[in-house]
Amino acid sequence: MKRISSILVLLSVYIINFYANAAPGDAAIGLKAGTLGAGIEATFEVADRFNIRVGGNYFKLGTEVDVEGNDYDLDLKLNSYAALGDWFVTDAPFRVTAGLVLNNNNLNGEALPSNSYEIGDLIFTNAEVGNLNAEIDFKSLAPYLGIGWGNPLADDSDWTFFLDLGIIFAGKPSLDITSTGGALSDDPILLDSIAQVEQDFRDTDEINYLKFYPVISVGLNYRF
């Protein structure tokens, strides 16, 4: 994972250097918004009808939800970085896009104070559980495939609107539940109940749709 992150960092440094030395019209920068949150990206041309894009996205939302009969203060965080290639099939702005996404999207929930917690098939008191946290994560590196409209490096205008439609193949998410500060936080009975809930989450087919994250984004590019 560290090696992959280092590669993306080096790629970003290379692109920054490219911008610094690019001729007019060789590069563009854009702002966008969509299902991955708000984002910024850089585009440069590497061959006829082929561009490379790198960028990042971020969004955060807090809310309260009920999970397994327990109320959680939930934080949704969308945080991703992408390295994408755009192939323009013809001279038109339509393109086919593929690449990799460093996927740091996750859900983090902290159980709200309660007299009791239902974990698996057992009931535990607040004193026994202490602080109860749950986190849903995805695999860190995921492929992306999609289509889009808009070529910021075309000769028509320095300002270009663009649209992306695609899928991140995020893989099946994992659930990690932790109990800290409770009388039974290290007790095998509570730990077994937590492990069973985590296993049930992995085994259920009800979350299969989360393996495919839809990407819809629109934005505006400016060509230098």
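Owing to the predicted nature of the structure, the values given are computational and were not obtained by experimental measurement.

A. Summary view of the overall build of the protein. A count of helices and strands for the protein gives three helices and 13 strands. Burial analysis of the protein (224 residues in total) assigns 37% to the buried set. For the protein, the proportion of contacts with a sequence separation of at least 24, taken over those separated by at least 6, is 67%. A total of about 12,400 Å² of accessible surface is found on the protein, and carbon and sulfur atoms cover 60% of it.

B. Highlighting unusual backbone geometry. Phi is positive for Arg49, which is not a glycine, with a value near 65°. By the secondary structure assignment, Arg49 is in the loop between strand 2 (37-47) and strand 3 (50-67).

C. Structural detail: the packing of aromatic side chains. Here the structure, examined in full by the defined rule, presents three aromatic pairs. Judged by centre distance (4.7 Å) and plane angle (50°), the rings of Trp159 and Tyr222 are tilted. Of this pair, Trp159 sits in strand 11 (residues 159-169) while Tyr222 sits in strand 13 (residues 212-223); the two residues are 63 residues apart in sequence, bridging distant segments of the chain. Residue Trp159 is classed as exposed on the basis of its relative accessible area, which comes to 52%. Tyr222 sits in the partly exposed class, given a relative accessible area of 29%. Arranged with centres 5.4 Å apart and planes meeting at 80°, the rings of Tyr222 and Phe224 form a pair that is edge-to-face. When its relative accessible area of 48% is taken as the criterion, Phe224 is described as partly exposed. Among the aromatic residues, ring-to-ring pairing joins Trp159, Tyr222 and Phe224 into one connected group.

D. View of empty space enclosed by the protein. If you walk through the whole model with that rule in mind, you get two cavities of 30 Å³ or more. A volume near 140 Å³ is recorded for the largest cavity. Lining the largest cavity are 17 residues, with Lys32, Leu36, Leu84, Tyr144 and Val215 positioned closest to its centre. Elements with a contribution of two residues or more to the lining of the largest cavity: strand 1 (27-34), strand 3, strand 4 (70-87), strand 11 and strand 13. Per-class residue counts for the lining of the largest cavity are nine nonpolar, five polar and three charged. Space inside the second largest cavity adds up to approximately 40 Å³. Elements represented by at least two residues in the lining of the second largest cavity include exactly strand 2 and strand 3. Its residues assigned to classes, the lining of the second largest cavity shows three nonpolar, four polar and four charged.

Scoring rules and cut-offs
Counting restarts for each chain, with residues numbered from 1 along the sequence as it is written. Local features in a predicted model are, by the rule used here, given only for residues with pLDDT of at least 70; side-chain atom pairs are given and counted only at 80 or more, and totals for whole chains, interfaces and linings are based on all residues. Each side-chain value is worked out from all heavy atoms of the structure, with water and hydrogens disregarded. For helices the rule is a DSSP run of H or I covering at least 4 residues; for strands it is a run of E covering at least 2, with both sets numbered from the N terminus onward. A 1.4 Å probe rolled over the protein chains alone gives each residue an accessible area, and that area as a share of the maximum for its type sets the label: buried under 20%, exposed over 50%, partly exposed in between. Only heavy atoms enter the contact rule, under which two residues are in contact if any of them lie within 4.5 Å. Computed with the Shrake-Rupley method and a 1.4 Å probe, the accessible areas treat only the protein chains shown as cover for residues. Note on aromatic pairs: the rings of Phe, Tyr and Trp (six-membered ring only in Trp) are paired at centre separations within 6.5 Å, and the planes decide the class, stacked below 30 degrees, edge-to-face beyond 60, tilted for the rest. Grid spacing is 1 Å over the protein atoms alone, the probe is 1.4 Å, and a cavity is where that probe fits but cannot get out, while a pocket is an open set with protein on both sides within 12 Å along at least five of seven lines and lining residues have an atom within 4 Å of a point. Grid points are joined across faces, edges and corners, and a volume is the space filled by probe spheres set on the points. For this classification, Asp, Glu, Lys and Arg are treated as charged, while Ala, Val, Leu, Ile, Met, Phe, Trp, Tyr, Cys and Pro are nonpolar and the rest, including Gly, are polar.

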